[in-house]
Amino acid sequence: MNANRRRAPRLVPLGARQPDQKALARLRAAWVFVVGPVLAERTRPLRVEHNVLVMGCWELTRIGTLRDAATAVWPQIRDRIQRALNLSLTGLQITPCDPPVETPAQPEDPDPLRRALRLLEDRRRERIRLGLESE
């Protein structure tokens, strides 16, 4: 090969360089299933680093008890994540975090016909997304 010849940069899909981000997105989507509804109201997955799940809790008084309980419950959560999401995580770390930002509620449209049409359109889009209907 010619030493002066430059190699063209190889294109890599956006998520391919950061597999932990893919794992985190899948965990966020299934968080209520993974930890249960009571714990999901107080915690959220923050990141996955080197196959370790970093879970945030915004109720500081509960972090100590969560850490204590995590040693006993982690094998069950790890197995649930493995079966449902096909992710192999090796550990769990619990850390304080800020509560999720509340999204302001959209003002309700005063026109009932427009609200009904919007609802029907949303349902149609959902049926198309699920493959129950075609465009």
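Note that the structure is predicted; figures quoted are calculated from it, not measured. (Residues numbered from 1 in each chain as written. Predicted model: local features only at pLDDT ≥ 70, side-chain atom pairs only at ≥ 80, totals over all residues. Heavy atoms only, no water.)

A.B. asks: When you look at the nonpolar core in this model, what are you seeing that I'm missing?
C.D. replies: One broad rule of soluble globular proteins: the nonpolar side chains tend to lie buried together. Of all hydrophobic cores here, the largest spans 22 residues; its most connected members are Leu-27, Val-34 and Ile-81. Among the elements of the structure, α1 (19-29), α2 (31-35), β2 (52-57) and α4 (60-85) are those that each provide at least two residues to this core. For this core, the leading source of residues is α4, giving seven residues. Every residue in contact with Leu-27, bar those within four places of it in the chain, is listed here: Val-34, Pro-45, Val-48, Leu-53, Ile-81, Leu-85, Leu-87 and Leu-89. (Core = buried A, V, L, I, M, F, W, Y, C linked by side-chain atoms within 4.5 Å. Buried < 20%, exposed > 50% of the residue type's maximum accessible area, 1.4 Å probe, protein only. Helix = DSSP H or I, 4+ residues; strand = E, 2+ residues; numbered from the N terminus. Contact = heavy atoms within 4.5 Å.)

A.B. asks: I tried to follow the sheet that holds strand β1 (residues 43-49) on my own but got confused; where do I start?
C.D. replies: Each strand in a sheet pairs with its neighbour through backbone hydrogen bonds, running either in the same direction (parallel) or in the opposite one (antiparallel). Taken together, the three strands give an open sheet; going across it, the order is β1-β2-β3, and neighbouring strands pair in mixed fashion. Both edges of this open sheet fall to β1 and β3 (91-96), since each of them pairs with a single strand only. If you compare each strand with its neighbour and ignore which way they point, the axes differ by 30° on average. Where α4 meets the sheet, its contacts fall on β1, β2 and β3, and the angle it forms with β3 comes to roughly 155°. (Pairing = 2+ DSSP bridges. Axes fitted to C-alpha atoms, helices over the stretch in contact; angles between N-to-C directions.)

A.B. asks: What is the right way to look at the environment of Arg-42 in this model?
C.D. replies: Relative to the helices and strands, Arg-42 resides in the loop between α3 (37-40) and β1. The class of Arg-42 is buried, set by a relative accessible area of 19%. Considered as a pair, Arg-42 and Trp-58 are 16 residues apart in the sequence and their alpha carbons are 6.5 Å apart. Discounting chain neighbours no more than four positions away, the residues touching Arg-42 are Gly-56, Cys-57, Trp-58, Glu-59 and Arg-62.

A.B. asks: Whenever I open this one, the pairing of β3 confuses me. Can you help?
C.D. replies: Along any regular strand the residues' side chains alternate between the sheet's two faces. Pairing of β2 with β3, which is carried by six bridges, proceeds in the parallel orientation. Opposite Val-54, over in β3, you have Gln-93 as the bridge partner.

A.B. asks: Would you mind going over the confidence of the model for the protein with me for this structure?
C.D. replies: Detailed reading of the predicted coordinates is not advisable wherever pLDDT is low. Of all residues in the protein, 82% have pLDDT values of 70 or greater, and the mean over the chain is 81. Taken element by element, the predicted model of the protein shows its lowest mean pLDDT in α1 (78) and its highest in β3 (91). (pLDDT = per-residue confidence, 0-100.)

A.B. asks: For this particular structure, what's the right way to read helix α5 (residues 112-130)?
C.D. replies: Residues three or four positions apart in an α-helix share a direction because the helix packs 3.6 residues into each turn. End to end, α5 covers 27 Å across 19 residues, agreeing with the expected 27 Å (1.5 Å per residue, within 8%). The N-cap of α5, judged by a side-chain oxygen 3.3 Å from the amide nitrogen of Leu-113 a few residues on, is Asp-111. (Expected span 1.5 Å × (residues − 1). Polar contact = N/O pair within 3.5 Å; in protein donor to acceptor, adjacent residues only side chain to side chain.)

A.B. asks: Before we go on, may I ask you to explain the layout of surface pockets in this structure?
C.D. replies: Over the atoms, a rolling probe the size of a water molecule traces out where space has been left empty. Estimated volume of the largest pocket: approximately 150 Å³. What lines the largest pocket is a set of 13 residues, and nearest its centre among them are Leu-39, Leu-66, Ala-70, Val-73 and Ile-77. Listing elements by their share of the lining of the largest pocket, those giving two or more residues are α2, α4 and β3. Its residues placed into classes, the lining of the largest pocket shows twelve nonpolar, no polar and one charged. (1 Å grid on protein atoms, 1.4 Å probe; cavity = no way out; pocket = protein on both sides within 12 Å on 5 of 7 lines; lining within 4 Å. Points joined across faces, edges and corners; volume = space filled by probe spheres on them. Nonpolar A, V, L, I, M, F, W, Y, C, P; charged D, E, K, R; others polar.)

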